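Descriptive structure summary
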Amino acid sequence: MTQYVNNHIHTTYSFSPYTPATAVQLAKQNGLKTAGIMDHDSVGGAWEFIHAGKEFDMPVTVGIECRVDMSKTILNGRRINNPDQNSVIYVAMHGIPHQNIENVNDYFAPYRAFRNERNRRMCGNITDLTGIYLDFDRDVLPISNYRLGGSVTERHILFALVKKIVNKYQTPEEVTKFLNDILDGSKKFEYHPDYYEYDILGILKANMVEKIYVNATKECPDVKDFIKMVREYGGIAAYIYLGDVGDSVTGDKRTQKFEDDYLDLLIDVLKELGFDAVTYMPTRNTPAQLDRIMKLCADNGFFQISGEDINSPRQSFICKAYEDPKFNHLIKAAYTLIEYENAATINIEAAREKFDFIFRKS
């Protein structure tokens, strides 16, 4: 049987229809053999995820996704793997030892607070653009787990807007007209009745963010500070490969160029900074993109981690790509990651020595 794995599942502690426990339960029911929590700027759901893993007899891993500032590197000014902002990249910390879960969440607490300052400004921009009043404290915060240590993302803001759109416009035709009015377009949008609100969310994420976006500044740690924190708390620092986007498998990214034109340079920068791993999503990229990133990782000693980004009920927990033997290394890596995290929860230094092949030598 194919060992389906995924180390990148979002929960209600960033944005997702799934609580940590529900995510593990559905992952198990749908045939995943391992599951990894990966929320933005938060590991607030980690303990629930861990306990659910034990309850459902599924090995799990703990990680966190965040954005970091690359402006002090030679990549300053470039669009890297972030659709919304140059010089800022998405990264992940995998394999967080359990004794440091609270430390990691505390590290990100001020960044979550800074993010909310920007979130409020974007709510104001949405009100100006759409004529629909969106109040951050009344409309957005209640649909997040911020008070429990979770984060509030652009998706929370847009989903709060979706709720108001659906309440105001009673039919899909009316919704489509409204969306085209605010997006200055004449597109025919399709909605599935089972995913109606999430389909609208995907349209807004792909087409409206640029109109209301406020640049992230204080909420993004410097990349070197991030690497230092990962080292201190015993995690694995990973770059999240996006690649130039054609058709978006997640439905929330428009056609756009990212890091492919200078991928070799990027890999050199990641090596110099001390990243250990690259995580990527086989369903997102073309065979040529995947072959290239896998070869660059192999040639440069980067640990490779599966990264099927799950944050919508439209997405399957199962990635059929793992039936291809070319991705066997990602299956093996998932179990290596589990073994490392369990060992590091006992003794970080001993685990790093035992699994030294994962880590960038510096």
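Note that the structure is a prediction, hence the values are computed from the model and not measured.

If you check helix H6 (residues 172-183), its first and last C-alpha atoms are 16 Å apart, about what twelve residues at 1.5 Å a residue would give, namely 16 Å. By the burial criterion, the buried members of H6 are Val175, Thr176, Phe178, Leu179, Asn180, Ile182 and Leu183. Where H6 is buried, its residues contact helix H3 (101-130), helix H5 (154-168), helix H7 (196-207) and helix H8 (209-212). Asp184 lies just past H6 and shows a positive phi near 55°.

So, about the sheet that holds strand S3 (residues 88-94). Taken together, six strands build an open sheet; the order of strands is S1-S2-S3-S4-S5-S6 and the sheet is mixed. Because the sheet does not close on itself, it has two edges, and the strands there are strand S1 (35-40) and strand S6 (303-306). Within this sheet the neighbouring strands show an average axis-to-axis angle of 30°, counted without direction. Contacts from helix H2 (residues 46-55) reach S1 and strand S2 (60-69), with the element oriented near 155° to S2. Against the sheet, helix H9 (residues 223-232) makes contact with S2, S3 and strand S4 (236-240), and its axis sits at roughly 0° relative to S3, the strand it touches most.

Quick look at the side chain of Asn119 now. Here Asn119 lies in helix H3. If sequence neighbours within four positions are ignored, Asn119 has contacts with Phe136, Val152 and Ile157.

Moving on, we get to the confidence of the model for the protein chain. Mean pLDDT over the protein chain stands at 94; residues scoring 70 or higher make up 97%. For residues 248-252, every residue scores under 50 in pLDDT, and the model assigns this stretch 13 contacts once sequence neighbours within four places are set aside.

Next up on the list: the side chain of Glu259. Within the secondary structure, Glu259 is located in the loop between S4 and helix H10 (263-273). Look at Glu259: it is buried, it has no salt bridge, and the nearest opposite charge is Arg284 at 8.6 Å. Of the polar contacts made by the side chain of Glu259, one reaches the backbone nitrogen of Gly243; its length is 2.7 Å. If we ignore the near neighbours within four places in the chain, the residues touching Glu259 are Arg79, Ile80, Asn81, Tyr239, Ile240, Tyr241, Leu242, Gly243, Asp244 and Leu266.

Definitions and limits used
Residues numbered from 1 in each chain as written. Predicted model: local features only at pLDDT ≥ 70, side-chain atom pairs only at ≥ 80, totals over all residues. Heavy atoms only, no water. Helix = DSSP H or I, 4+ residues; strand = E, 2+ residues; numbered from the N terminus. Expected span 1.5 Å × (residues − 1). Buried < 20%, exposed > 50% of the residue type's maximum accessible area, 1.4 Å probe, protein only. Contact = heavy atoms within 4.5 Å. Pairing = 2+ DSSP bridges. Axes fitted to C-alpha atoms, helices over the stretch in contact; angles between N-to-C directions. pLDDT = per-residue confidence, 0-100. Lys, Arg positive; Asp, Glu negative; His and termini not counted. Salt bridge = Lys/Arg side-chain N within 4 Å of Asp/Glu carboxyl O. Polar contact = N/O pair within 3.5 Å; in protein donor to acceptor, adjacent residues only side chain to side chain.

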